Structure formats: structure tokens, C-alpha cells
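Chains, contacts and geometry: an overview
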Amino acid sequence: MCARAGSLGDGRPMPRLSVREMSFAAIIVVALAAALPFFVSDYVLGVLTPGFYIAVFAMAWDLLFGFANEVNFGPTFLIGLGAYAAGIIDNRLGWAIWLCVAAGTAAAVAGGLVLALPALRVRGPYFGLTTLVAVLILSNLIVVFADLTGGEIGLTVPDVISIDAHANYWIALGFMSASGAILFALSRSPMGLILQASGQDAVQAGALGFNVTKHKLAAFTISAFFSGLAGALYVFYLGAASVGTLVDVTVGVQVIIAAVLGGRRTILGAALGAIFLIGATEALRPLGELATLVVSAVALLIVLFFPNGLIALIARVGGRA
Amino acid sequence: MVALQILIDGFAVSALYALGAIGFTLIFGVSGVLNLSHGALMVAAAVAAWAANGDLLVGNYAGAVFGVGVSLALALLTYAFIVRPIQRSQAIRNEEREIFILTATLLWGIVIQELIAYLYTSNAKTVLPIVEGVVAILGVRTPTNEIFTAVVCWGAIALLWFLVNRTRTGKAVLAASMNPRGVTLLGIELAWIYIAVWAIYGVLAGIAGVLLGMFLGVSSYSVGPLTASAFSIVVLGGLGSVSGSLIAAYVVGYLETLTAYLVSPAYRTIPALLLLVAVMYVRPRGLLGRR
């Protein structure tokens with residue numbers, strides 16, 4: 001596990017879970033999730049499937065924030081680029097879905113690079129603001145070029161991956177598991193350690209001979225790759241793209257809340273947080289307008305009282321048992 | 001004619017932006033906190049003024065005062081229950097406090113926003129203006145309310161200037177923004193300074209919110225855009241620089257008004273955003289930033 005363990009709210013050190021323990025737990029959870037379609041209704045699958053895509057958004061965000069210590073307020077810039085590029089190409093040119101997804105991912109990576117080069121020169125709040133502004137510009141452009149993007153009404157995509165709820169669920173689950181495994185492995189690789197080091201003290205990391213900018217740029221690109229890929233796939237699950245579901249700042253806020261709620265700097269925690277957030281919002285739907293209020297309030301309490309997130313809570317309970 | 005209209009409209013809008021952003025920059029300058037529940041405070045003040053006037057029939061003036069009071073109370077609550085616990089928490093590492101404060105104030109803003117939407121629906125609300133009627137300035141018909149807005153904004157900014165530069169508390173606040181440790185060495189309780197700053201901030205945000213409610217109207221959907229616009233103005237002007245924020249507010253206000261009149265209201269915010277990106281490329285610390 002990472003070089004330093006955080007501590008829980010009451011001052012005791014956080015119980016460490018080894019990589020092997022975490023992988024083991026993750027494999028069991030994924031296996032159980034894969035068997036879920038045989039036991040539950042399509043309604044539950046319909047809630048979980050978008051949750052899996054949002055989980056990828058959150059994990060990609062955590063790589064940048066948790067490890068490189070850069071607050072990206074604009075995860076939806078990358079997600080939206082991937083989603084809209086893929087959707088527009090499918091709509092206009094009618095390419096095969098996998099080609100559209102590849103093009104969408106490429107667009108997100110390219111956009112990520114354009115954003116990262118100036119953004120990484122500035123630090124802290126300035127970086128956050130630059131990424132936030134990128135989202136605002138993107139959503140404005142989508143509205144301005146309404147002929148191409150569908151504007152405020154949204155873009156309809158003629159093709160979908162599958163209309164079968166089971167197939168969609170498995171594709172999303174498989175995609176999330178694969179992305180999670182890659183991102184988790186990256187975060188525990190030497191590159192992850194260098195990112196952590198540069199996040200904590202960029203000057204010292206540079207003095208040790210690591211190229212901080214290069215590593216942060218790489219982290220940004222990887223984050224953009226997974227965000228764009230997930231965004232593009234999500235469009236072909238939804239069959240439509242709109243600013244409200246993919247680009248709006250509130251969507252980005254949800255991704256950030258998911259990652260912090262689950263436990264930052266853990267990658268897997270981000271996925272946990274996203275699924276919890278989606279599940280909780282759905283479970284509280286009977287409350288009507290109060291649902292978002294309750295979810296945000298609970299998230300706020302977790303941030304204030306359990307800053308290490310859900311995954312630390314689970315580790316503590318697991319460590320005690 | 002249009003030029004004069006742009007000049008007048010832009011002045012009022014910019015004054016409002018300036019007042020909204022100045023409290024935000026003050027908090028950052030003194031305690032290094034970026035309060036992302038800023039927009040929620042402004043909207044809460046406007047909706048409180050609207051509700052007090054509509055439901056309790058207290059009249060325009062009392063309604064406006066009530067709105068400012070609600071914003072003041074919320075600002076103090078934000079400091080006491082969100083910001084201070086995070087600043088003092090043992091479980092959060094120092095370099096991560098900033099992001100925790102950002103996340104927590106963001107969530108707190110959403111809680112306030114949703115509460116407003118639940119209690120008073122998310123429909124747009126217009127606070128009844130204190131002064132009504134229209135006057136002609138060099139032939140341009142201008143609502144008296146617009147002049148009132150500009151006057152009150154500049155009055156509040158002047159008062160703040162007086163407070164910071166001419167009173168004992170204000171000087172202590174100024175000193176704390178330069179060197180907190182030095183202030184404690186002089187025997188001034190830092191905790192009180194922070195409370196004073198948050199109180200000033202609450203009043204400023206409240207006045208800005210109520211005026212915005214009278215001028216353009218607010219809804220719970222305005223929370224995010226209001227926070228974003230204060231954030232961009234403050235960064236454009238240079239974080240922590242009050243005069244920078246004033247200049248930036250006017251740049252953004254006029255740029256938006258020009259675009260709205262000459263191009264299309266739909267493109268209103270785009271040039272300001274592009275300018276912000278350009279400033280980030282060329283001069284990341286903002287117009288008058290210290291770092």
C-alpha cells in the first residue's frame with residue numbers, strides 16, 4: 001500500500017489493506033455483481049449500469065486528484081468531449097460504434113492535452129478554475145453549435161450498444177472492472193508513487209530527478225483517456241447525449257463528490273462512492289425533491305467526520321472483524 | 001444611443017459583480033478559504049427577502065434587511081460548522097485542507113440550494129424593488145432601480161474601504177491578511193478576526209444577493225453560475241486583491257453587456273470565459289495578483 005497510511009478521525013492509524021487483500025475483495029465483489037442479473041429485476045440493473053460508468057469517471061478523476069494532488073473541477077470537459085465527439089460522428093457519418101468510441105476517446109485525449117499544457121503551469125485554485133472554465137466554454141459551444149450538437153435539446157444517437165438490459169449491465173461492469181484494474185495498478189506502480197511525491201512536494205520530487213510536469217501530463221492524459229472512453233460508451237448506452245447529463249458542472253460535482261465520498265487516493269474507493277451515490281439517490285427517490293438534499297447532507301457529514309471516506313470505514317470494520 | 005445604454009447597463013451589472021466578488025476575495029485574502037457556497041448565500045438572501053416581503057408582508061425595506069440577516073447568519077454558520085472544523089481537524093493532512101474546504105463548502109452550497117428549492121420551489125423570483133419608476137439619463141430610459149443598485153453597491157464598497165483602512169478592527173483584519181502570526185504577537189485574538197471577516201462577508205454577499213434579486217431575479221439554479229462568476233472575477237483580478245477584483249468585475253460586466261447588446265444575449269458569457277483562459281495562459285496570477 002502507499003507509503004503512509006492516513007489516520008482515522010479518532011486518531012488511530014488506518015488499518016492497512018494490502019494490495020492482495022484489496023484485489024481479492026474486488027474480485028469477489030465483481031463476481032457477485034456479475035451474477036446479479038440472474039436475481040434482480042431490470043429496474044435494479046437500469047440503476048446500476050449508469051452507476052458503473054460514473055464509477056469510471058470518478059476513478060479517472062481520483063488518479064489526478066488523489067495522486068497528483070491536482071483538483072480538476074472539469075471532469076465533464078473530458079467526458080463531454082468523448083461523448084459528443086462519438087455521438088456526432090455516429091449521427092453524421094454513421095461509422096461503426098467501436099470506431100466512434102475510438103474517435104471520441106481520441107478527442108478527449110487531444111482536448112485533455114490542450115487543457116493540460118496551460119493548466120499544469122498554474123497551481124491549486126488556478127488549476128481548478130482553468131478546468132472549470134473549460135467546462136463552461138464547452139457547454140456554451142454545444143449550445144451555440146446547436147445544428148451539429150442538438151444544443152439544449154440534446155443529441156440523439158442512432159445506434160446503441162445493445163437494447164438488452166443484461167448485456168448492457170455486463171458490458172458496463174466489465175468496462176468498469178477493467179478500467180479499475182488498470183487505474184489501480186497504475187496508482188500502485190512507480191509512476192503512481194512519483195505522482196504522489198510530486199503532489200506532496202513538487203520541488204523535492206524535482207530535486208530527486210523526477211520530471212514532475214511529464215508525470216502530471218501523463219496522469220492527465222490517462223485520466224482523459226478513461227473519461228473520454230467512458231463518456232463515449234455511456235452515450236451508446238443512453239442512446240442520447242445532452243448537456244444536462246454529461247457536461248453540466250453539476251455532473252462534474254457529482255463525480256467529485258463520489259470520489260471524495262468513497263475515499264480519495266484509493267481508486268477503488270471512487271468506484272464505491274459513485275455506486276453508493278447513484279444507489280442512494282435512487283433509493284431516496286420517494287422523498288422527491290428532498291433526495292438530493294439528503295444525499296448532499298450525508299456526503300457533507302462523511303467529508304467532515306470521516307475524511308478518509310467509505311473505503312476507510314469498511315477497512316476499519318473489516319480490520320476489527 | 002446604444003453605446004450610452006451599454007455604458008449605463010454595464011455599470012450597474014459590474015457594480016453588482018464587484019460587490020458579489022469582493023467578499024469572496026476578502027475571505028481568501030485573510031484566511032485562504034475559497035468559499036464555494038458563495039452563490040447559495042446570495043440566493044438565500046434574495047429568496048429570504050422575497051419570502052419575508054411576500055409571506056410576512058413586512059415591506060420592502062424590512063424584507064431586504066431580513067435577507068441580509070439570513071446571509072449573515074449563513075456565513076457565520078459556514079465558518080463555524082464547515083470551515084473551522086476542517087481547519088482544525090487532525091485527520092486531514094495540511095496540503096489537503098484546501099480541497100476539503102472546497103468540497104465541503106460546495107456540498108454545503110448544494111444543501112442550501114436544495115433546501116431553497118424544496119421550501120420555495122426552483123421558480124425564478126424577483127424581489128420587489130425598493131425604488132420604482134424610470135428616469136431618463138441623456139435620453140436613455142433607465143429604471144431607477146438600476147441606479148439604486150449601482151449607488152448601494154458603491155456605497156457598500158466605500159464603507160468596506162473605510163472599515164478596513166480607518167477602523168481598529170479593519171486594520172487588524174488587514175494585518176491578519178499580511179501576517180497572521182504577527183497579529184497574534186500584538187495580542188489580538190485571531191479567532192475574532194476570522195469571525196469579523198466572515199460577518200463582513202455575509203453582509204456583503206447578502207446585499208449583493210438582495211440587489212441581484214431586485215435587478216435580475218434569482219432562482220435556485222443561479223447558485224452554481226453565481227459562484228462560478230465570483231470565482232472567475234476574483235481569479236481574473238488576482239486572488240486576494242480587492243482592487244484587482246473591482247477592475248475584473250468591470251471588465252467582465254462590460255464584456256458581457258457588450259456581447260449581449262451587439263452580438264446576442266445567448267453568447268453573453270463566452271468572451272469573458274475566453275478572456276479568463278487567455279489571462280491564465282499569459283499571466284496566471286491575475287491582473288493584480290501578488291504571487
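Residues numbered from 1 in each chain as written. Chains lettered and ligands numbered in written order. Predicted model: local features only at pLDDT ≥ 70, side-chain atom pairs only at ≥ 80, totals over all residues.

1. So, the overall build of chain A
- Each helix and strand in chain A was counted, giving 15 helices and 2 strands.
- Computed over its C-alpha atoms, the radius of gyration of chain A comes to 19 Å, within 12% of the 20 Å expected for a compact globule of 321 residues.
- Considering only C-alpha atoms, chain A reaches an extent of 55 × 50 × 35 Å along its principal axes.
- Within the span of chain A, comprising 321 residues, buried residues form 50% of the whole.
- Counted over contacts in chain A with a minimum sequence separation of 6, partners at least 24 positions apart contribute 75%. (Helix = DSSP H or I, 4+ residues; strand = E, 2+ residues; numbered from the N terminus. Rg over C-alpha atoms; globule rule 2.2 N^0.38 Å. Buried ≥ 20, exposed ≤ 12 C-beta atoms within 10 Å, placed from the backbone. Contact = placed C-beta atoms within 7 Å.)

2. Structural notes on the overall build of chain B
- Helix and strand counts for chain B stand at 11 helices and 2 strands.
- Put simply, chain B runs from its N terminus to its C terminus through helices and strands in the order α-α-α-α-β-β-α-α-α-α-α-α-α.
- Expected size for 291 residues packed as a compact globule is a radius of gyration near 19 Å; at 19 Å, chain B falls within 12% of this value.
- Judged by the C-alpha coordinates and their principal axes, chain B covers about 60 × 50 × 35 Å.

3. So, the nonpolar core
- Ala55(A), Ala58(A), Leu16(B), Ala44(B), Ala45(B) and Ala46(B) are the most contacted members of the largest nonpolar core, which totals 209 residues.
- Top element by residues in this core is helix H8 (residues 190-215) of chain B. It accounts for 16 residues.
- In this structure Ala44(B) touches Val70(B), Ser71(B), Leu74(B), Ile112(B) and Ile116(B), once residues within four positions along its chain are discounted. (Core = buried A, V, L, I, M, F, W, Y, C linked by C-beta atoms within 7 Å.)

4. Digging into the interface of chain A and chain B
- Contact with chain A, which involves 38 residues of that partner, is made by 37 residues of chain B.
- Secondary-structure elements contributing two or more residues to the side of chain A that touches chain B are helix H5 (125-144), helix H12 (249-262) and helix H14 (290-305) of chain A.
- The leading source of residues in the side of chain A that touches chain B is H5(A), at 10 residues.
- For the side of chain A that touches chain B, the residue count by class is 25 nonpolar, 11 polar and 2 charged. (Nonpolar A, V, L, I, M, F, W, Y, C, P; charged D, E, K, R; others polar.)

5. Points about the confidence of the model for chain A
- Of the residues in chain A, 93% have a pLDDT of 70 or more, and the chain-wide mean is 83.
- For residues 1-15 of chain A, every residue scores under 50 in pLDDT, and the model assigns this stretch 30 contacts once sequence neighbours within four places are set aside. (pLDDT = per-residue confidence, 0-100.)

6. Things to note about the confidence of the model for chain B
- Of the residues in chain B, 99% reach a pLDDT of 70 or more, and the chain-wide mean stands at 86.
- Both scores are given for the predicted complex: the pTM is 0.83, the ipTM 0.82.

7. Some words on the pairing of strand E1 (residues 134-137) of chain B
All names here are of chain B.
- Here E1 runs beside strand E2 (residues 140-143); their pairing, made up of 4 bridges, is antiparallel. From the neighbouring strand, Ala-136 faces E2, where its bridge partner is Arg-141.
- Linkage of E1 to E2, two consecutive antiparallel strands, is achieved through a turn of 2 residues, within which Leu-138 is found at a positive phi near 50°. (Pairing = 2+ DSSP bridges.)

8. Section: the packing of helix H3 (residues 75-93) of chain A against H5(A)
Residue and element names in this part refer to chain A.
- Between H3 and H5, the shortest axis-to-axis distance is 9 Å and the interhelical angle comes to 30°. Considered as vectors, H3 and H5 are oriented roughly parallel to each other. Together, Thr-76, Phe-77, Gly-80 and Tyr-84 of H3 and Thr-131, Ala-134, Val-135, Leu-138 and Ile-142 of H5 make up the contact between the two elements.
- Its residues placed into classes, the contact of H3 with H5 shows 6 nonpolar, 3 polar and no charged. (Axes fitted to C-alpha atoms, helices over the stretch in contact; angles between N-to-C directions. Parallel < 35°, antiparallel > 145°, perpendicular 65-115°, else oblique.)

9. Focus on unusual backbone geometry
- Phi angles above zero are rare outside glycine, and Arg265(A) is one such case at about 60°.
- Mapped onto the elements, Arg265(A) comes out in the loop between H12 and helix H13 (268-283).
- Looking at Arg265(A), the number of C-beta atoms within 10 Å reads 23, which means it is buried.
- One non-glycine residue, Thr121(B), lies in positive phi territory at about 55°.
- In this fold, Thr121(B) is placed in the loop between helix H4 (97-120) and E1.

10. Some thoughts on the packing of H12(A) against H13(A)
Residues and elements named next belong to chain A.
- Relative orientation of the contacting elements H12 and H13 amounts to 120°, with a least axis distance of 7 Å. If you check the angle between H12 and H13, you find them oblique. Crossing geometry of H12 relative to H13 is assigned as right-handed. From H12, Gln-254, Ile-257, Ala-258, Ala-259, Leu-261 and Gly-262 reach across to H13, where they touch Gly-269, Ala-270, Ala-271, Leu-272, Gly-273, Ala-274, Phe-276 and Leu-277.
- Across the contact of H12 with H13, the residue classes break down as 10 nonpolar, 4 polar and no charged. (Left-handed = near helix turned anticlockwise from the far one by under 90°.)

11. Describing the environment of Ala68(A)
Residue and element names in this part refer to chain A.
- With respect to the helices and strands, Ala-68 occurs in the loop between helix H2 (42-67) and H3.
- For Ala-68, a count of 25 C-beta atoms within 10 Å corresponds to the buried category.
- As a C-alpha pair, Ala-68 and Gln-196 span 128 residues in sequence and 5.6 Å in three-dimensional space.
- Ala-68 has contacts with Leu-195, Ser-198, Gly-199, Lys-216 and Ala-219, leaving out every residue within four places of it along the chain.

12. Some remarks on the environment of Ala248(B)
Residues and elements named next belong to chain B.
- Note on placement: Ala-248 falls in helix H10 (residues 242-262).
- On the basis of neighbour counts, which here come to 30 C-beta atoms within 10 Å, the residue Ala-248 falls in the buried class.
- Those residues in contact with Ala-248 that lie beyond four places of it in its chain are Ile-233, Leu-236, Gly-237 and Leu-287.

13. Some details on helix H9 (residues 223-237) of chain B
All names here are of chain B.
- Counted at 1.5 Å a residue, the expected span for H9 with its 15 residues is 21 Å, and the 21 Å between its end C-alpha atoms agrees.
- Most of H9 is tucked away: 14 of the 15 residues are buried.
- Of the residues flanking the end of H9, it is Gly-238, one or two places downstream, whose phi is positive at about 105°. (Expected span 1.5 Å × (residues − 1).)

14. Re H8(B)
All names here are of chain B.
- With 26 residues, H8 extends 37 Å from end C-alpha to end C-alpha; this agrees with the ideal 38 Å at 1.5 Å per step.
- Taking burial as the measure, the 26 residues of H8 include 20 buried ones, the bulk of the element.
- Positive backbone phi, approximately 85°, marks Gly-217, located one or two places after H8.

15. Some words on the environment of Arg166(B)
- Examined against the element boundaries, Arg166(B) turns out to sit in helix H5 (residues 144-166).
- You can call Arg166(B) exposed: it has 9 C-beta atoms within 10 Å.

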